[in-house]
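Letter by letter, the chains look like this.
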Amino acid sequence: MTARGLDGIRVVELGQMVAAPWTAKLLADLGADVIKVEPPQGDAARRRGPFAADRERPDSQIVPDAGSGLTGGLFAAINTNKRGIVVDLARPDGRATLQQLLADADLFIHDLAPATAAAHGLTAEPLRAQHPSLVTMSITPFGQTGPYADWRATELQVVHGGGWGWLTPGCVADPELPPLKPHGHQAAFQSGFAAACASLAAVDRAQRTGRGEHIDFAQMSYVVGMLEAAFISWSYRGENPSRLGARILNPWGIFPTSDGHIFLVCVEADQWERLKDFMGRPEWADMDIFDTLEGRFENEDLLRMWLGEWIAAQPVTELFHRGQAERLAFAPVNTVAQMAADPHLAARDFLVTYEQPGLGDITVPGAPSRLTNSWWSIRRPAPSLGEHSGASFAATDTATASRPAPSPASSNTPSSRPLDGVTVADFTWVWAGPYCTLHLAHLGATVIKVESSARPDLGRRLPTQSGRHTPTLDTNGYFNQYGQGKQSITIDLGIPEGRALAKRLALSCDLVVSNYATGVMDGWGLGYEALAAERPDVIVGAISGYGHHGPYQSYMGYGPTTGPLSGLASMTGYPGADADELGVSLGDPAAGIATAYALVAALVARRRTGEGQFIDTSMWEATTACTVEGWMEWVMRGTQPDPMGNLDPLWSPHNLYRCAGNDDWIAVCCVDEAEWAALARITGIDPDDERFATAADRKANEAELDKLIGAWTRERDQWDITELLQAAGVPAFPSLSSRSLEVNPHLAERGLIERLDHPVVGQMSHVGIPWLLSDGTNGVRSPAPTLGQHTHEVLTGLLGLNPDEIAALEAADALR
């Protein structure tokens, strides 16, 4: 049998719905042995659907009884490659079974609330005492500590509490339209990637040192860290971005065409000039008011009107391909059906088909990254409830040789971060790549960013400069947010001496990361093939819009193009309205964190096998991998969800409600009868009202129910409502802006907001690390570097250059 990268790593998963199961699936897909532990009633995702019967009755929505064991589409898609057992933790024998599994496991993933974890002895201290080399990943909405730790939350509260909803969909003209949740469980999927990355790094350290770890991961904190420029626009400029108003970069947006919708963004000035040429230089496009970025921002309404008139006459597919031929970032607003037929995804074998008992053959998105050593596969369908009763790790046929024995733990071993000692050559810029390497730095890696004053990182040049300092390349909040914890070396890659030095650096590091357009690194002699020729075990992560092979490999792609490409935009928006945007350029953080997870997996594998890896991450595919709910509805029903605002396919109430105050909103939902009874009692809704007697009744009469709840919330403060409902066990949380997040007491107590002393801008607020370690150190280690701050340190230290060699490089202008 072909060895896979994570063969021999043993994982116990005790999780519901999406975040914890997705974390475990990511590891299982690369070879880890995962045993999923479910309560007698099963994972709640089993009851989300769609179900096999939906194929015959596509307009129905079956809600099975708890414990029925039905496998819904969501559960099937995110629980492949796992064995499944049932354990009742309320019984002594159930708790004993779990402890027996943990005794043989490397990693324990759970989403238990703090009180529940404590009641079952599954918090950091008892786990460390019983299983000293075990790594535990606790992934919960608010974390295990802090004022909100015991509060209830679903995806709705996490998205709005973390500030993402406040930005979504963007460019809204009507302030009566609420902030919006993107379709599906996007916060949970993104958090799962980050949790998988951190978990793997900690397991690697545990296997080398014998020291386990307890990682307290807060999903709300993770969302705060993926708000693009929103948080630093507030902390650096005093601007509080929201769903209202225009974007700084223009043109940017979704436009109707003659046969659908298309997205367009022009990030740099030369792209705007090419767009004018592409349109045939219409008279309006050459008006002085559109000459500058500032002018296009101030006149965004006129620009959108005239550009929209031109685009409206064009067919989507023709405009996409013709525009891309001119290096313009057009992207179709795809449906799931269109992606299923797309030749590029087919050429990259992105979609995979497997047989799921009870559902038949289903086709789903595949690996978020293409790998040269192809470890990813679906080897086993999602388990039926209790299918592998009595399963243990001792009974598996995993090769013992692939499972390294942990080194004995020593109380004298100093605390460290999981990736301490790992070096990263960082050839990235803007957001996707820097977001990837930011998380490697958070985990302890020494990240060496290669940049140049000849063409500075766009992140240093965006209009997010500090409003309190004279603008320089070192005063940009965007760069300073995503450059935290890194070093900077300046190398001019435009000359041979610079490229030779960069290659020496890449070959000296443990990991190499880039997100330049396809072919750029190859042209510099820094691509995977060139590096592997001199170092066969090199690990390279390459992020691009469309990937490094396939018909669209040379197409221009940015983070905001992937919402439309992935189908998420076609499923996101206000009820009854057209497709809309996702509030942030999701493809950037999605591809960045997916690549970080794959890089750590490759590092773990190389320690055991000596093999290198090329990780080809397409922003389109990394985002599409998280469209499971919409994708499965298409597979099972032949349709896909229409935009539904903040509503849920099953649960009601599930919405955002206006509160007293200026543009204040609160996210409230009920997922069971106990929560509904508590909400009805507090809001004064008649518990005997037949319209709301059952979950199905409440869904059928949702509009009327929302009016009653909205009338109650309008008279009250959002935080008063939150505390009142949370005290009664009802999920509720305000929709927060960046201004609110900076001073939030929960985030402050967990140390998320960092104010390190930067050498130029001083102590400005940045978003830090979304998890807390019990054994390693916490907090961001250093502020973002100034341009070239560590050049001589890296040259003399890591590369061992002498003064004469450095002088020669300086004379050749290679260090600029």
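Preceding block: the structure.
Note that the structure is predicted; figures quoted are calculated from it, not measured.

Chemist: I tried to follow the overall build of the protein on my own but got confused; where do I start?
Modeler: Within the protein, the regular secondary structure consists of 34 helices and 26 strands. Whereas a compact globule of 816 residues would reach a radius of gyration of roughly 28 Å, the protein reaches 26 Å, a difference of no more than 12%. The principal-axis extents of the C-alpha atoms in the protein amount to approximately 80 × 70 × 50 Å. Within the span of the protein, comprising 816 residues, buried residues form 62% of the whole.

Chemist: Even after reading the chapter, I still don't get unusual backbone geometry, so can you show me in this structure?
Modeler: Of all residues except glycine, most have a negative phi; of all peptide bonds, most are trans. In this structure, P169 follows T168 across a cis peptide bond, with omega equal to 5 degrees. Residues S652 and P653 are joined by a peptide bond in cis, for which omega reads 5 degrees. Located in the positive-phi region is R281, a residue other than glycine, with phi close to 50 degrees. Of note, R281 is situated in the loop between helix 11 (269–278) and helix 12 (293–298). A positive phi angle is found at V430, which is not glycine, with a value near 65 degrees. Mapped onto the elements, V430 comes out in the loop between strand 13 (423–427) and helix 17 (432–442).

Chemist: I would appreciate a short explanation of the sheet that holds strand 26 (residues 771–773) in the present structure.
Modeler: In sheet architecture, strand pairing relies on hydrogen bonds along the backbone and comes in two forms, parallel and antiparallel. With respect to topology, seven strands assemble into an open sheet ordered 3-2-1-4-5-6-26, the strand pairing being mixed. Either end of the sheet is taken by a strand with one partner, and the two such strands are strand 3 (82–86) and strand 26. Each strand axis lies, on average, 20 degrees off the axis of its neighbour in the sheet, ignoring direction. Relative to strand 4 (residues 107–110), strand 1 (residues 10–14) runs parallel, the two being bridged by four bridges. Considered in strand 4, the bridge of L14 is made with H110.

Chemist: I'm lost on the environment of C659 in this one. Help?
Modeler: In this structure, C659 sits in the loop between strand 19 (654–658) and strand 20 (665–669). The sequence separation of C659 and G710 amounts to 51 residues, and the corresponding C-alpha distance is 7.9 Å. The contacts of C659, once residues within four sequence positions are left out, are D664, W665, I666, T713, R714, R716, Q718 and I721.

Chemist: Sorry, what's going on with the sheet that holds strand 19 here?
Modeler: Strand order in this open sheet of three strands is 19-20-21, and the pairing throughout is antiparallel. At either margin of the open sheet sits one strand with a lone partner, and together these are strand 19 and strand 21 (732–734). Each neighbouring strand pair of the sheet contributes to a mean axis angle of 20 degrees, computed without reference to strand direction. Examined bridge by bridge, strand 20 and strand 21 share three bridges and lie antiparallel to one another. Residue pairing across strands places V668 opposite A732, the latter belonging to strand 21. Contacting strand 19 and strand 20, helix 29 (residues 702–713) crosses the sheet at an angle of about 35 degrees to strand 19.

Chemist: What is the right way to look at the side chain of S566 in this model?
Modeler: With respect to the helices and strands, S566 occurs in the loop between helix 22 (559–565) and helix 23 (568–571). A polar contact of 3.1 Å, which involves the side chain of S566, links it to the backbone oxygen of G563.

Chemist: What is the right way to look at empty space enclosed by the protein in this model?
Modeler: A water-sized probe, rolled over the atoms, reveals where empty space remains. The tally for this structure, following the rule as stated, stands at 11 cavities of 30 Å³ or more. In this structure, the largest cavity spans a volume of roughly 120 Å³. Around the largest cavity sit 13 residues that line it, and W22, K25, P365, G366 and A625 are the ones nearest its centre. When residues of the lining of the largest cavity are traced back to their parent elements, those giving at least two are helix 1 (19–28) and strand 11 (360–365). Sorting elements by how many residues they give to the lining of the largest cavity places helix 1 first, with three residues. Class assignment for the residues of the lining of the largest cavity results in 10 nonpolar, one polar and two charged. Size it by volume and the second largest cavity reaches roughly 90 Å³. The leading source of residues in the lining of the second largest cavity is helix 22, at five residues. Looking at the lining of the second largest cavity residue by residue, the classes come out as six nonpolar, six polar and three charged.

Chemist: Explain the nonpolar core here, please?
Modeler: As a rule of thumb, soluble globular proteins bury nonpolar side chains together. Among the nonpolar cores identified, the biggest contains 212 residues, and L27, L275, F330, F427 and L440 are the most heavily contacted of them. Setting aside anything within four residues of it in sequence, one finds L440 in contact with L419, V424, A445, V447, L511, A596, L599 and V600.

Chemist: Even after reading the chapter, I still don't get the pattern of salt bridges, so can you show me in this structure?
Modeler: A side chain with one charge may pair with a side chain of the opposite charge, provided their charged atoms come close. Taken as a whole, this structure holds 46 salt bridges when the rule is applied. E38 is the salt-bridge partner of R46, the closest N and O atoms lying 2.7 Å from each other. Classification of R46 by relative accessible area gives buried; the value is 2%. Looking at E38, the relative accessible area reads 0%, which means it is buried. D492 is paired through a salt bridge with R816; the nearest N and O atoms lie 2.9 Å apart. Of the two residues, D492 is situated in the loop between strand 15 (487–490) and helix 19 (496–508) and R816 in the segment after helix 34 (803–811); the sequence distance between them amounts to 324 residues. Bridged by salt links that share partners, the residues E273, K276, D277, R281 and D286 form one connected network.

Chemist: For this particular structure, what's the right way to read the packing of helix 1 against helix 8 (residues 186–209)?
Modeler: In contact at an axis separation of 8 Å, helix 1 and helix 8 are set at 50 degrees when each is read in the N-to-C sense. As summarised for this structure, helix 1 and helix 8 are arranged oblique, according to the angle between their axes. With respect to the hand of their crossing, helix 1 and helix 8 are arranged in right-handed fashion. Contacts between helix 1 and helix 8 involve A19, W22, T23, L26 and L27 on the former and, on the latter, A188, F189, G192, F193, A195, A196 and L200.

Thresholds applied
Residues numbered from 1 in each chain as written. Predicted model: local features only at pLDDT ≥ 70, side-chain atom pairs only at ≥ 80, totals over all residues. Heavy atoms only, no water. Helix = DSSP H or I, 4+ residues; strand = E, 2+ residues; numbered from the N terminus. Rg over C-alpha atoms; globule rule 2.2 N^0.38 Å. Buried < 20%, exposed > 50% of the residue type's maximum accessible area, 1.4 Å probe, protein only. Pairing = 2+ DSSP bridges. Axes fitted to C-alpha atoms, helices over the stretch in contact; angles between N-to-C directions. Contact = heavy atoms within 4.5 Å. Polar contact = N/O pair within 3.5 Å; in protein donor to acceptor, adjacent residues only side chain to side chain. 1 Å grid on protein atoms, 1.4 Å probe; cavity = no way out; pocket = protein on both sides within 12 Å on 5 of 7 lines; lining within 4 Å. Points joined across faces, edges and corners; volume = space filled by probe spheres on them. Nonpolar A, V, L, I, M, F, W, Y, C, P; charged D, E, K, R; others polar. Core = buried A, V, L, I, M, F, W, Y, C linked by side-chain atoms within 4.5 Å. Salt bridge = Lys/Arg side-chain N within 4 Å of Asp/Glu carboxyl O. Parallel < 35°, antiparallel > 145°, perpendicular 65-115°, else oblique. Left-handed = near helix turned anticlockwise from the far one by under 90°.

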